[in-house]
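# Architecture at a glance
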Amino acid sequence: MVSERNSSYFRAVLSSIPVYTPGRKVVGPDGRSMKLSSNESPYGPLPSVLDALAAAATEINRYPDTGAVALTAALATRFGVPEDHVAVGAGSVGVLQQLLEATAEPGTEVVYAWRSFEAYPLLADLSGATSVRVPLRDETHDLDALADAITDRTRVVLVCNPNNPTGTAVREAELNAFLARVPDHVLVVLDEAYREYVRDPQVPDGIDLFRDRPNVAVLRTFSKAYGLAALRVGFLIGHPDVATAVRKTMVPFAVNHLAQAAALASLEAERELLERVELTVKERGRVRDALIADGWAVPPTEANFVWLRMDDATLDFAAACEAAGVAVRPFAGEGLRISIGTPEENDALLAVAHAYPTRNKG
């Protein structure tokens, strides 16, 4: 326990910041454990990626390439941008922390929708900036309200698209209209951690949008569709001044040698890997259709999860899932985010939902 005398060592903001809580793993009465709480891929790395990891493991006595030169070059080639437009970090959340360290400070504001990714308030508050939370409308970003919330103190606006935890996505026309309203002194960060799961053709690819907009940058990750959550590697694509600032705030060697090797191999095997993504997309449709047919209201989702607004019944339904060995992600008083897993795992979730006496309201 920290004494009151020693509490003077710490920043005052720490007393108001909760520790990030990862998705839980539970075990059911039959010994099965189905983790649908962390938006992970249910599939392991491809054989070629495992081979690359095995080869890289022979060199772990050496420091990694702190500049991730080979990975940066591969990402630049993959997305058709110059190498000085790319910056990497320990997952997209690590890159976001680097970005906020470069842009935010006391007296400034970071604007984002709420509810959205849980790490946003934590990272914004740690940067010293003031969080400005704009309520969702119909479970998705209210871009007009988001634009209205921008002031001369705003440094960054975060747009999670598709949004975590609701899975909803904003479309190109409305996003372009929003970007046209954002003043030049504000950096818009399009957080596209779930981009590979998007199938709505009207949902834009942020990398297409950023090219002629100096104040737009895009976050991506290898944690979700690429199945490398344990290795922590993400990246930003933005204009050179943004990417350079992010590289400056990167902790040396933050992207380890194994992570770089696995990410490179994953890019080389991307076509095969995205076939697995398509399996998850099909399961997403099956799960959502089954829930709707069973009386649940489930908003359209372009991510690898579905959202159930349960309000006061949220924790009760989460407990029912846990009793069956299914871990979901509850947000008390609001709703549940349920990742798409294997067909067996999804069937277990659907069985709990079918037996639950109270449906959410559409």
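These numbers were taken from a predicted model, which means no experiment stands behind them. (Residues numbered from 1 in each chain as written. Predicted model: local features only at pLDDT ≥ 70, side-chain atom pairs only at ≥ 80, totals over all residues. Heavy atoms only, no water.)

## Some remarks on the UniProt feature "domain: Aminotransferase class I/classII large" (unreviewed entry) in the protein chain
- Feature annotation in UniProt places "domain: Aminotransferase class I/classII large" (unreviewed entry) on residues 34–350, given in this structure's numbering.
- With 40% helix and 17% strand, residues 34–350 has its two end C-alpha atoms placed 12 Å apart. (UniProt positions renumbered as here; feature names shortened; annotations may be inferred. Helix = DSSP H or I, 4+ residues; strand = E, 2+ residues; numbered from the N terminus.)

## A short note on the sheet that holds strand β9 (residues 305–309)
- The antiparallel open sheet is built from three strands, whose spatial order is β9-β12-β11. Either end of the sheet is taken by a strand with one partner, and the two such strands are β9 and β11 (329–331). Looking at each pair of strands side by side, their axes are set apart by 20° on average, direction ignored.
- In the sheet, β9 pairs with strand β12 (residues 335–339) via five bridges, with the strands oriented antiparallel. Of the residues in β12, the one forming a bridge with W307 is R337. (Pairing = 2+ DSSP bridges. Axes fitted to C-alpha atoms, helices over the stretch in contact; angles between N-to-C directions.)

## Looking at the pattern of salt bridges
- In this structure the tally under the stated criterion is 20 salt bridges.
- For R78, the salt bridge goes to E270, with nearest N and O atoms at 2.6 Å. Placement of the pair is R78 in helix α2 (residues 69–79) and E270 in helix α10 (residues 270–293), with a sequence separation of 192 residues.
- On the basis of relative accessibility, which here comes to 11%, the residue E270 falls in the buried class.
- Two residues, R181 and D148, come together in a salt bridge whose shortest N-O distance is 2.6 Å. (Salt bridge = Lys/Arg side-chain N within 4 Å of Asp/Glu carboxyl O. Buried < 20%, exposed > 50% of the residue type's maximum accessible area, 1.4 Å probe, protein only.)

## Regarding the environment of D208
- Topologically, D208 is positioned in helix α7 (residues 206–210).
- Judged by relative accessible area, which is 52%, D208 ranks as exposed.
- Along the chain, D208 and G80 lie 128 residues apart, while their C-alpha atoms are 10.0 Å from each other.

## Points about the sheet that holds strand β5 (residues 154–160)
- The strand order across the open sheet formed by seven strands is β2-β8-β7-β6-β5-β3-β4, and the pairing between neighbours is mixed. Two strands bound the open sheet, and with one partner strand each, they are β2 (86–89) and β4 (130–135). On average, each strand axis in the sheet is inclined to that of its neighbour by 25°, with strand direction left out of account.
- Summarising the sheet, β2 and strand β8 (residues 234–237) pair through four bridges and their orientation is antiparallel. Opposite V88, over in β8, you have F235 as the bridge partner.

## Let's talk about the UniProt feature "modified residue: N6-(pyridoxal phosphate)lysine" (unreviewed entry) in the protein chain
- Per the UniProt record, "modified residue: N6-(pyridoxal phosphate)lysine" (unreviewed entry) is annotated on K224.
- By secondary structure assignment, the location of K224 is in the loop between β7 (216–221) and β8.
- A residue is classified by how much of its surface remains accessible, and K224, at 16% relative accessible area, is buried.
- For K224, the contacting residues outside a window of four places in its chain are S38, N39, S41, A193, Y194 and Y197. (Contact = heavy atoms within 4.5 Å.)

## Some thoughts on the nonpolar core
- The biggest cluster of nonpolar side chains holds 58 residues, and the ones touching the most others in it are L71, L75, F178 and F222.
- The biggest single contributor to this core is helix α9 (residues 257–268), with five residues.
- When residues of this core are sorted by domain, at least three fall in each of domain 1 (12–45 + 269–355) and domain 2 (60–268).
- With residues near it in sequence (within four places) discarded, F178 still touches L143, L146, A147, V157, V159 and V188.
- Counting residues in each nonpolar core, the second largest holds 27 residues, with L158, C160, V242 and A243 among its members. (Core = buried A, V, L, I, M, F, W, Y, C linked by side-chain atoms within 4.5 Å. Domains from an automatic or database assignment.)

## Re α2
- For α2, every residue scored as buried is listed here: L71, T72, L75, A76 and F79. Projected onto a plane normal to the axis of α2, the buried residues spread over an arc of 135° and lie on a single side. Turned more than 90 degrees from where α2 packs its buried face, V69 and T77 sit exposed.
- Elements in contact with the buried residues of α2: β2, α7, β7, β8 and α9.
- In the segment just after α2, G80 is the residue with positive phi, at about 65°. (Arc of directions from axis to C-beta.)

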